[in-house]
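Structure at a glance
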Amino acid sequence: MSRIKDLQKNLFGGTTSNARQFGMIFTLVAIVVLFQIWTDGLTLTSGNLIAVVSQYSYILILSIGMLMVIVAGHIDLSVGSVAAFTGIVVAKAMQEFSIPWPLGIVLGLLVGVVIGAWQGFWVAYVGVPAFIVTLAGMLLFRGGNQYIGNADTVPVPTGFRQIGAGFLPEVGPNTGYNNLTLLLGLAACLGVVWRELKSRQTRREMHADVAPMWISLLRLAVMLGVIIFTTLRFAGGRIGTSLPISGIILIVLVLAYSYYTRNTIGGRHIYAVGGNARAAELSGVKLKRVNFLVMMNMSVLAALAGMIFVARSSASGPQDGLSWELDAIAAVFIGGAAVSGGLGTISGSIVGGLVMALLNNGLQLEGVGSDMVQIIKGLVLLLAVAFDVYNKSQGRFSIIGSLMRPFRREAPPPPTGPSRTDSDPDKAPVAR
């Protein structure tokens, strides 16, 4: 039994959150295998994987910001409307004022900053619950989108479309693959190896337990295998397609936000606020600033997602952004974030978003109607949150822990006889 526990600890990093995250990865793999068989191999074709990233990258970007909002103990219902409002403002500015598309992107990000500051002010400094503030924002900015656009579609210039519909260009010799995608895959492989070696070196320097070398080699083999397979799929698409530019933006954001939440004081403050806001404030965390920045960051990412969607669609319209907030929230909860806040990871939210994206994509490939797709997605979200609540009530969070519980040896019951403090109240322990 101890060997199984040691194996679990070494494979999953020794923490329940890591074990839970790997459990979600197993769920993602199971969904991929299921639909790969069900669709006769269509799920993992190059064209389908490229299409999935192009179609759902904006939801994955939203899930990054939503994760931070939920970890801090809030919720944002306005992200779809903010994305739609930003899209129509940028499209109108480029069409009517002929501003260059790079300035259009800057304008869109500034719109996100202003909206985020507006909503963050009400949440952080006035004390209005984020649910109410963003519900008002959902109505306000949806109406703004329809007012500015007059319920019409507004086209965007060709250069702007590259951030949503563009791909890495073809450069170098003809290898049958997109060379830039291959180089990115190689860099990812080197990064994974370096991180594993660095982790082992750090644990040695801290005189902590170091996993056996075969465990590290097993982890590396699995991760490198996934990276190489994915790289070849994206690099081997039809001529002119490869890893989408929106996928590159997503990768950069995942790396940046993962580092921020894990390795910076600001990231730790977000988790502290979500875990216990009052205790965090007494410990010196500037609660209002954290809440303000979290809400602002969400609106900026919503603005970016809105521009990517408009660029891919080649035009901004009145129906943009509908129900995006529900998909982002679902991705975060399925990825392992706690309903009560204080728990969750960027990578977990991305995994949750991929679960939703591949589930949606697989059902569409099989011709399942949109009504049944919504029903199935709703059930998946409900089961994910119910599992989180159940695990929390049992005092555990990891899927592995759930499977191991029936085999654990129960602790001996406490003595039933009178204790020293029961027989003599004057001998009660003194708090120190």
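These numbers were taken from a predicted model, which means no experiment stands behind them. (Residues numbered from 1 in each chain as written. Predicted model: local features only at pLDDT ≥ 70, side-chain atom pairs only at ≥ 80, totals over all residues. Heavy atoms only, no water.)

Re helix α4 (residues 79–96)
Our working definition: Segments assigned H or I by DSSP are reported as helices when at least four residues long, segments assigned E as strands when at least two residues long, and all are numbered from the N terminus. Here the expected length of a helix is defined as 1.5 Å per residue gap, with one fewer gap than residues.
Taking 1.5 Å per residue as the helical rise, α4 with its 18 residues ought to reach 26 Å, and the 26 Å between its terminal C-alpha atoms agrees with that figure. One or two steps after α4, the chain reaches Ser 98, where phi turns positive at roughly 55 degrees.

Examining the packing of aromatic side chains
To be explicit about the condition: Each Phe, Tyr or Trp ring (for Trp, its six-membered ring) is paired with any other whose centre lies within 6.5 Å, and the angle between the two planes then decides the class: stacked below 30 degrees, edge-to-face above 60, tilted in between. Any residue under 20% of the maximum accessible area for its type is buried, any over 50% is exposed, and the rest in between are partly exposed; the area is computed with a 1.4 Å probe on protein chains only.
Overall, the coordinates contain nine aromatic pairs when judged by the stated rule. An angle of 75 degrees between the planes, with centres 5.0 Å apart, marks the rings of Phe 309 and Trp 324 as edge-to-face. Of this pair, Phe 309 sits in helix α13 (residues 287–313) while Trp 324 is found in helix α14 (residues 324–334), placing the two residues 15 residues apart along the sequence. For the pair shown, Phe 309 and Trp 324 are each scored as buried.

Notes on a nonpolar patch on the surface
The following threshold applies: Each patch is built from salt-bridge-free residues with over 30% relative accessible area, joining like charges within 9 Å and nonpolar side chains (Val, Leu, Ile, Met, Phe, Trp, Tyr) within 5 Å. For the accessible areas, the method is Shrake-Rupley and the probe is 1.4 Å, while residue cover comes only from the protein chains on display. We count a salt bridge whenever a side-chain nitrogen from Lys or Arg sits within 4 Å of a carboxyl oxygen from Asp or Glu.
Residues Trp 118, Phe 121, Trp 122, Tyr 125, Val 126 and Leu 140 make up a contiguous nonpolar surface patch of roughly 600 Å² in combined accessible area. Looking at the nonpolar patch, the element that brings in the most residues is helix α5 (residues 101–126), giving five residues. With respect to the element layout, Tyr 125 can be found in helix α5.

Observations concerning the environment of Val 355
Within the element layout of this structure, Val 355 appears in helix α15 (residues 346–365). Exposure remark for Val 355: the relative accessible area of 3% places this residue in the buried category. Sequence separation between Val 355 and Val 380 is 25 residues, and the spatial gap between their C-alpha atoms is 9.6 Å.

So, the layout of surface pockets
To keep things clear, this is the line we draw: Here a cavity denotes grid points, spaced 1 Å and computed from the protein atoms alone, that fit a 1.4 Å probe unable to get out, and a pocket denotes an open set having protein on both sides within 12 Å along at least 5 of 7 lines; residues with an atom within 4 Å of a point are the lining. Grid points are joined across faces, edges and corners, and a volume is the space filled by probe spheres set on the points.
Reported here for the second largest pocket is a volume of approximately 510 Å³. Lining the second largest pocket are 24 residues, and of these Ser 323, Asp 327, Asn 360, Gln 374 and Lys 377 sit closest to its centre. For the lining of the second largest pocket, the elements supplying multiple residues, two or more each, are α3 (46–71), α14, α15 and α16 (370–393). Here the element with the most residues in the lining of the second largest pocket is α16; it accounts for six residues.

Here we look at unusual backbone geometry
What is expected of a backbone is that most residues other than glycine have negative phi and most peptide bonds are trans. Look at Ala 151: it is not a glycine, yet its phi comes out positive at around 60 degrees. Within the secondary structure, Ala 151 sits in the loop between α6 (130–149) and β1 (154–155). Even without a glycine there, the phi angle at Ser 314 is positive, about 70 degrees. Overall, Ser 314 belongs to the partly exposed group, its relative accessible area being 26%.

Describing the pattern of salt bridges
For the structure on display, the rule yields four salt bridges. Here Arg 219 makes a salt bridge to Glu 196, at a shortest N to O gap of 2.7 Å. Highlighted residues: Arg 219 in helix α9 (residues 213–235) and Glu 196 in helix α8 (residues 179–205), separated in sequence by 23 residues. On the basis of relative accessible area, Glu 196 is assigned to the buried category, the value being 8%. Glu 281 is the partner of Arg 278 in a salt bridge, and the nearest nitrogen-oxygen pair spans 3.7 Å.

Everything listed is a geometric property; what it means functionally is a separate question.
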